[in-house]
Amino acid sequence: MTTTAQPAAPGAQPQELADGVDLVIDALRLNGIDTIFGLPGIPITDLTRRAQAAGMRVISFRHEQSAGYAASIAGFLTQQPGICLTVSAPGFLNGLNALAHATTNCFPMILISGSSEREIVDLQQGDYEELDQLAVARPLAKAAYRVLHARDIGVGIARAIRAAVSGRPGGVYLDLPAQLLAQTMDAAAGRNSLIKVVDPAPRQIPAPEAVQRALELLKSAKRPLIILGKGAAYARADDEIRALIERTGIPYLPMSMAKGLLPDTHEQCASAARSYVLPGADVVMLIGARLNWLLSHGKGRTWGGKGAKDRGAQKFIQIDISPQEADSNVRIDAPVVGDIGSCVAALLAGMAAGFGRPPTDWLGSIAERKSGNIEKMAEMLARNPAPMNFHSALNVVRDIVKANPDAILVNEGANALDFTRSIVDMYQPRKRIDVGTWGIMGIGMGYCVAAAVVTGKPVIAVEGDSAFGFSGMEVETICRYDLPVCIVVMNNNGVYRGVDVNPTGGRDAAPTAFVKGARYDRIMEAFGGAGAHAATPAQLRRAMEEAVRSRRPTLINAVIDESAGTESGRITSLNPAARKK
Ligand code: ADP
Ligand code: TZD
Ligand code: MG
């Protein structure tokens, strides 16, 4: 939308003007960005309205944190920066958690926030929602920018896009003061100032000698292992990765969000023999996975070391776009720096002359462990205890996901997370999205909304009852946009378990215990969606099948034995109280 100014002199043509809002919208659209996740208010209400009027999808949330998580995962799912739009100070701060989360997880996202007047903020004169937002955002963002003049909006958005998606992706902050949005300039000059970013995430070709070094190490391996991380899922080099794994015959372990890059049922998938392959491998190739806490920092007993700080005997190859990642925890013998598609293609080209399969004793002993563990798991899943436990409930989810392999699975909680990750097989790339690098609670409903909006696929969310509470109000958002989301709340009456009691016998409940027998399904009914209460696997199955068939927003309250979980799920060892014991 443009406005017209009074002609400067009688008889002159009226000048066509564009304001800051026009230019922001046009700059985003010029770069193919057609969706905004946000929450309106001063000074960005008009921006949300006019973006919608211009044909953009504006998804309005009940809390900025969910809008931010939605933007971050939209970035992961599309390789385009997800946009989160917030109001100044408190709205900005609510979105900040997601900005930091995006940076930590290497997801491309731009948090665009309106802000108050610079002159007043900098003199701390107490403006409406006063906060030096740029300074606050900077340490948590990959890059942070402020635009003060309408003529710089094009540059500001171009820089934000490049910073978000190039190299290692991350969260970018873009500060737009209220005054900027109202500033006007000549519309033609404004159009001319916008930048359509050319090649925003350039390929990064690995050095031939780095590829050679990696190939030689891999060839020398007697017990090789590949670990796929969410960087590999993000990179969309699905065909190359599959070719590498199948041509080499090397067993692989997918990290949580890399599950499904190849089907979890693939014969080379070593997930069911994880505790055997990590200490047993002699050469490990990491593809888009960091040796952080999720991989025990590459050391300790997990890797066959004798103590917590001790290294195993593995040599490491690491494929990553960030040159600083190598040696972050242990020595990387063969770093390969570049984008995963180019690196894997270069490795494949280097193998064209032939590449031997791993020794059969390594593959044989993995296969043996796998089948033993898969059998044990099948037994657990077949049991039908009353009340339902995590296994019997997730056995149903496992079947539903198998029957709907293109559905996106959102997952958060502690036990609800760990059991789902190990029980529910994934069959396609980028279908499992979860708590990520921080193990953060609260991503649930934001992820559901974004996944449904940007992919158009059905979404299934498996949520701990505590985890769900962090973003539960977004059920209204899911109903408002009528999204095909089926939420299963694994209701065990609390954080980890529902059985804790206040040791003093006082009237306050224990810190980890919730209201018993809560009916989360009624929250969905309050907004016109379908609620269901499931006390048995058969009831859960019926409700999930109906949800997938109808594509209606659905929330199933799955009653889980309140004593079934363990403290902190699988990461009990990180709990200081448990450590002391
Ligand atoms: P996970 O949690 O699944 O182990 P991480 O988030 O720890 O995965 O690691 C992802 C890694 O992938 C990061 O180090 C990041 O730099 C890298 N990465 C992201 N995108 C690409 C890409 N296109 N090419 C190469 N590396 C990438
Ligand atoms: N706050 C945030 C933002 N992230 C966190 N990870 C936590 C708190 C601590 N926390 C966990 O690590 S898991 C969890 C919390 C509060 C909830 C576990 O309870 P749940 O799952 O009901 O979601 P289970 O199935 O009962 O274990
Ligand atoms: Mg719980």
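To keep things clear, this report deals only with the structure shown in the data block. (Residues numbered from 1 in each chain as written. Chains lettered and ligands numbered in written order. Predicted model: local features only at pLDDT ≥ 70, side-chain atom pairs only at ≥ 80, totals over all residues. Heavy atoms only, no water.)

## A word on the coordination of the magnesium ion (ligand 3)
Protein-derived ligands of the magnesium ion (ligand 3) are D465 (OD), N492 (OD1) and G494 (O), with the metal-ligand distances lying across 2.0 to 2.1 Å. Site description for the magnesium ion (ligand 3): donor spacing in sequence, D-x26-N-x1-G. Taken together, the residues span a long stretch of sequence, with D465 in helix α19 (residues 465–469) and G494 in the loop between β18 (485–491) and α21 (521–526) at a distance of 29 residues. (Donors = N, O, S within 2.8 Å, 3.2 Å for Na, K, Ca; no water. Helix = DSSP H or I, 4+ residues; strand = E, 2+ residues; numbered from the N terminus.)

## Some remarks on the sheet that holds strand β13 (residues 315–320)
A sheet is described by the order of its strands in space; here 5 strands give the open sequence β11-β10-β12-β13-β14, paired in parallel fashion. Here the strands that pair on one side only, and so sit at the sheet edges, are β11 (252–254) and β14 (334–337). Across this sheet, the average inter-strand angle for adjacent strands is 15 degrees, counted without regard to direction. Where strand β12 (residues 283–287) and β13 come together, 5 bridges link them in parallel fashion. Bridge pairing in β13 places V283 opposite K315. This element, helix α12 (residues 238–248), spans β10 (224–228), β11 and β12 of the sheet and lies at about 165 degrees to β10. (Pairing = 2+ DSSP bridges. Axes fitted to C-alpha atoms, helices over the stretch in contact; angles between N-to-C directions. Contact = heavy atoms within 4.5 Å.)

## Concerning the nonpolar core
Counting 88 residues, the largest nonpolar core has L228, I241, I433 and I487 as the members making the most contacts within it. Ranked by size, the runner-up nonpolar core spans 40 residues in total, among them I110, I157, A163 and L176. (Core = buried A, V, L, I, M, F, W, Y, C linked by side-chain atoms within 4.5 Å. Buried < 20%, exposed > 50% of the residue type's maximum accessible area, 1.4 Å probe, protein only.)

## Some points on the site of ligand 1
Close to ligand 1 lie 19 residues; R168, K230, R290, D320 and I340 are nearest. Within the side chain of R168, an N or O atom sits 2.8 Å from an oxygen atom of ligand 1. Side-chain polar atom of D320 to an oxygen atom of ligand 1: 2.5 Å apart, as the coordinates give it. Ranked by residues supplied to the shell around ligand 1, first place goes to helix α11 (residues 230–235) with 4 residues. Partitioning the shell around ligand 1 into residue classes produces 8 nonpolar, 6 polar and 5 charged. (Near = heavy atom within 4 Å. Polar contact = N/O pair within 3.5 Å; in protein donor to acceptor, adjacent residues only side chain to side chain. Nonpolar A, V, L, I, M, F, W, Y, C, P; charged D, E, K, R; others polar.)

## Concerning unusual backbone geometry
A cis amide bond, omega 5 degrees, links I42 with the succeeding residue P43. The topology assignment puts P43 in the loop between β3 (35–38) and α2 (45–53). Non-glycine residue S296 carries a positive phi angle of around 50 degrees. Secondary-structure assignment places S296 in the loop between β12 and β13. Relative accessible area serves as the criterion here: at 27%, S296 is assigned to the partly exposed category.

## Some details on the site of ligand 2
Around ligand 2 there are 16 residues in total, and N415, G439, D465, A467 and N492 lie nearest to it. Within the contact set of ligand 2, an oxygen atom lies 3.0 Å away from a backbone nitrogen or oxygen of A416. If ligand 2 stood free it would expose 600 Å²; the protein chains cover 77% of that surface. Element by element, the count of residues in the shell around ligand 2 is highest for α19, at 3 residues. When its residues are assigned to classes, the shell around ligand 2 shows 8 nonpolar, 7 polar and 1 charged. (Areas by Shrake-Rupley, 256 points an atom, 1.4 Å probe, with all protein chains shown as cover.)

## A closer look at the packing of aromatic side chains
Applying the stated criterion across every chain yields a total of 8 aromatic pairs. Here the aromatic residues F76, F107 and Y234 are joined through ring pairs into a cluster of three or more. Directly above the ring of Y276 sits R369, whose terminal nitrogen or CZ lies 4.1 Å from the centroid. (Phe/Tyr/Trp six-rings, centres within 6.5 Å; stacked < 30°, edge-to-face > 60°. Lys NZ or Arg CZ within 6 Å of the ring centre and 35° of its normal.)

## Section: the pairing of strand β15 (residues 408–412)
In terms of residue burial, β15 counts as a mostly covered element, since 5 of its 5 residues are buried. Side chains I408, V410 and E412 of β15 all project onto a buried face; the interleaved residues L409 and N411 project onto the opposite face, where all are buried too. Judged from the 5 bridges that link them, β15 and strand β17 (residues 459–464) form a sheet pairing that is parallel. Opposite N411, over in β17, you have V462 as the bridge partner. Assessed by its sense of winding, the connection that carries the chain from β15 through helix α17 (residues 415–423) to strand β16 (residues 432–434) is right-handed. (Right-handed = clockwise from strand over helix to strand, strands pointing away.)

## Here's the deal with the pairing of β17
Extensive coverage of β17 is indicated by the burial of 6 of its 6 residues. Two elements, β17 and β18, share 6 bridges in a ladder whose sense is parallel. Across the sheet, residue V459 finds its bridge partner in β18, namely V485.

## Description of the packing of helix α1 (residues 20–30) against α2
Closest axis-to-axis distance for the α1/α2 pair is 10 Å, and the angle between their directions is 50 degrees. As summarised for this structure, α1 and α2 are arranged oblique, according to the angle between their axes. Seen from above, α1 lies across α2 with right-handed handedness. Between α1 and α2, the contacting residues are V21, D22, V24 and I25 on the first element and D46, L47, R50 and A51 on the second. (Parallel < 35°, antiparallel > 145°, perpendicular 65-115°, else oblique. Left-handed = near helix turned anticlockwise from the far one by under 90°.)

## Some remarks on the pattern of salt bridges
Oppositely charged side chains are able to pair whenever their charged atoms sit close together. Tallied over the full model, the rule gives 22 salt bridges. Note that E325 and R168 form a salt bridge whose closest N and O atoms lie 2.8 Å from each other. Here R168 lies in the loop between α7 (153–165) and β8 (171–177) and E325 lies in the loop between β13 and β14, a separation of 157 residues in the sequence. For R168, a relative accessible area of 26% translates into the label partly exposed. We note a salt bridge from R331 to D333, for which the minimum N-O separation is 3.4 Å. Accessibility expressed as a relative area gives 23% for D333, which makes it partly exposed. By sharing partners, the salt bridges in this structure join D19, D22, D46, R49 and R50 into a single network. (Salt bridge = Lys/Arg side-chain N within 4 Å of Asp/Glu carboxyl O.)

Read these as geometric descriptors, not functional statements.
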